Amino acid sequence: MYDGNSAYINAPIDRNSAAVLLEITQPKHWDFSKFKEVLLTLGTLGKGTSIPSVNCPKSIHLQGLRDTIDTLTSNTRKKGIEYAQTVLVDIERKSLVVGKITHGTATETVLNKSLQPGRERQQKMVGSIHTHPMNQGPEYSHGLSGQDYITFLSDPDQQFMMIAWGDDYRIMVLKTSVSPNNQNSNRIRDRIKDCEKDFLISSEGGAFARVARFNKEACAEFGLILYLADSKSRDLFERVMVV
């Protein structure tokens with residue numbers, strides 16, 4: 001059990017499960033159906049299981065989440081505050097389901113992790129999407145924040161986290177088999193704060209360059225894959241090399 005302070009220790013993956021993950025994650029370019037298949041498999045296998053690090057895709061096409069992203073960014077554009085929504089898998093129906101929309105302030109919001117009434121046994125949270133308002137400075141908006149990484153890494157349910165900034169810019173991180181799932185949240189927080197100090201606050205260069213260095217370092221440190229989509233690639237998220 002993960003309580004936010006204690007370490008979460010996942011059950012070992014049996015050989016059959018490991019073989020299934022290796023097989024379905026082999027393609028280097030995932031369409032949305034492949035992304036959904038992988039999330040459904042991970043949701044079935046349970047907490048602490050992530051995609052094999054040897055099979056990190058070069059690109060993921062996420063057109064199936066376009067309406068969800070557009071709704072969140074539209075709300076943020078109108079109100080100037082963060083909006084967020086969870087992504088769930090329904091194991092029985094073999095489908096992805098979006099959770100309830102929440103909103104917060106210009107710099108933070110809290111996810112509503114509730115499942116659909118009557119389907120709590122069939123559903124699991126696997127990811128989240130949230131927005132960063134345009135009126136924030138680039139230090140806070142144009143990348144995942146330190147708190148975003150702390151929240152993501154401390155939650156064994158989440159396989160991916162995506163942020164949307166403006167109408168076109170999206171960034172996503174995806175866990176792998178080398179991402180820690182047995183570190184307590186205080187240890188994660190301390191390391192992320194060190195990364196913020198070294199690469200975001202004290203680092204030289206403009207704001208966007210510092211944000212990029214911080215995000216790359218956080219992903220390299222915790223075995224995450226970093227993806228980017230913009231106005232040119234649209235729904236095609238392409239991998240960003242972090243080392």
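As the structure is a computational prediction, the values presented were derived from the model and not from experiment.

Basis of the calculations
Note on numbering: residues in each chain are counted from 1, in written sequence order. Totals for whole chains, interfaces and linings use all residues, but because this is a predicted model, local features are given only for residues with pLDDT of at least 70 and pairs of side-chain atoms are given and counted only at 80 or more. Only hydrogens and water are set aside when side-chain values are computed; all heavy atoms of the structure are taken into account. Lines fitted to C-alpha atoms define the axes, with helix axes restricted to the stretch in contact, and inter-axis angles between N-to-C directions lie between 0 and 180 degrees. Strands are runs of DSSP state E lasting at least 2 residues, helices are runs of H or I lasting at least 4, and numbering of each runs from the N terminus. Orientation labels follow simple angle bins: below 35 degrees gives roughly parallel, above 145 gives roughly antiparallel, 65 to 115 gives roughly perpendicular, and whatever is left gives oblique. Crossing handedness: left-handed means the near helix sits turned counterclockwise from the far one by under a right angle, and right-handed means the same turn made clockwise. Contacts are assigned to residue pairs that have any heavy atoms within 4.5 Å of one another. Exposure categories follow from relative accessible area, calculated using a 1.4 Å probe and restricted to protein chains: below 20% of the type maximum is buried, above 50% is exposed, and the middle band is partly exposed. Here, a strand pair is defined by DSSP locating no fewer than two bridges between the strands. Buried Ala, Val, Leu, Ile, Met, Phe, Trp, Tyr and Cys residues that are joined via side-chain atoms within 4.5 Å together make up what is termed a nonpolar core. Every helix has an expected span of 1.5 Å times one less than the residues it contains. The residue classification treats Ala, Val, Leu, Ile, Met, Phe, Trp, Tyr, Cys and Pro as nonpolar and Asp, Glu, Lys and Arg as charged. All others, Gly included, are polar.

> Explanation requested: the packing of helix H5 (residues 146-153) against helix H7 (residues 207-222) in the structure shown.
A pair of packed helices is characterised by two quantities: the angle between their axes and the separation of those axes. At a closest axis distance of 11 Å, the pairing of H5 and H7 adopts a crossing angle of 20°. The angle between H5 and H7 places the two elements in the roughly parallel class. Here H5 and H7 pass one another in a crossing that is right-handed. Every residue of H7 that contacts H5 at Gly146, Tyr149 and Leu153 is listed here: Phe214, Asn215, Ala218, Cys219 and Phe222.

> Quick question: what am I supposed to make of the pairing of strand E7 (residues 160-165) here?
As a general feature of sheets, a regular strand has side chains that alternate between the two faces. Burial within E7 is extensive, with six of its six residues counted as buried. Both faces of E7 are covered, namely the face carrying Phe160, Met162 and Ala164 and the face carrying Met161, Ile163 and Trp165. Summarising the sheet, strand E6 (residues 123-132) and E7 pair through six bridges and their orientation is parallel. Paired with His132 across the strands is Trp165, a residue of E7.

> What's the story with the nonpolar core in this structure? I'm lost.
Membership of the largest hydrophobic core comes to 31 residues, with the highest contact counts inside it found for Phe35, Ile60, Leu62, Ile129, Phe160, Met162 and Met172. Elements that contribute at least two residues to this core include exactly helix H1 (15-24), helix H2 (32-45), helix H3 (66-79), strand E3 (83-90), E6, E7, strand E8 (169-174) and strand E9 (225-229). Per-element tally for this core: the top contributor is H2, with six residues. Setting aside residues up to four positions removed in sequence, Phe35 forms contacts with Trp30, Ile60, Leu62, Leu65 and Phe160. Counting 22 residues, the second-largest nonpolar core is a separate cluster that includes Tyr149, Ile150, Ile171 and Ala218.

> Mind showing me how you'd approach the environment of Gln85 here?
With respect to the element layout, Gln85 can be found in strand E3. Classification of Gln85 as buried rests on a relative accessible area of 8%. Apart from residues lying up to four places away in sequence, Gln85 is in contact with Thr68, Leu72, Val98, Gly99, Lys100, Ile101, Leu111, Ser128 and Ile129.

> In this structure, what is going on with H2? I would like to understand it.
Since the α-helix turns once every 3.6 residues, residues separated by three or four places project in the same direction. With 14 residues, H2 should reach 20 Å at 1.5 Å per residue; the first-to-last C-alpha distance of 20 Å fits that figure. Where H2 is concerned, the buried positions are Phe32, Lys34, Phe35, Val38, Leu39, Leu40, Thr41, Leu42 and Gly43. Gly46 sits one or two positions beyond H2 and adopts a positive phi of about 105°.

> Help me understand the packing of H5 against helix H6 (residues 185-201) in this model?
Following both chains from N to C, one finds H5 and H6 inclined at 155°, their axes separated by 10 Å at the closest point. Relative to H6, the element H5 lies roughly antiparallel. As H5 packs across H6, the resulting crossing turns out to be right-handed. For the pair H5 and H6, contact is made by Gly146, Gln147, Tyr149, Ile150 and Leu153 and by Ile188, Arg189, Ile192, Lys193 and Glu196, respectively. For the contact of H5 with H6, the per-class residue count stands at five nonpolar, two polar and three charged.

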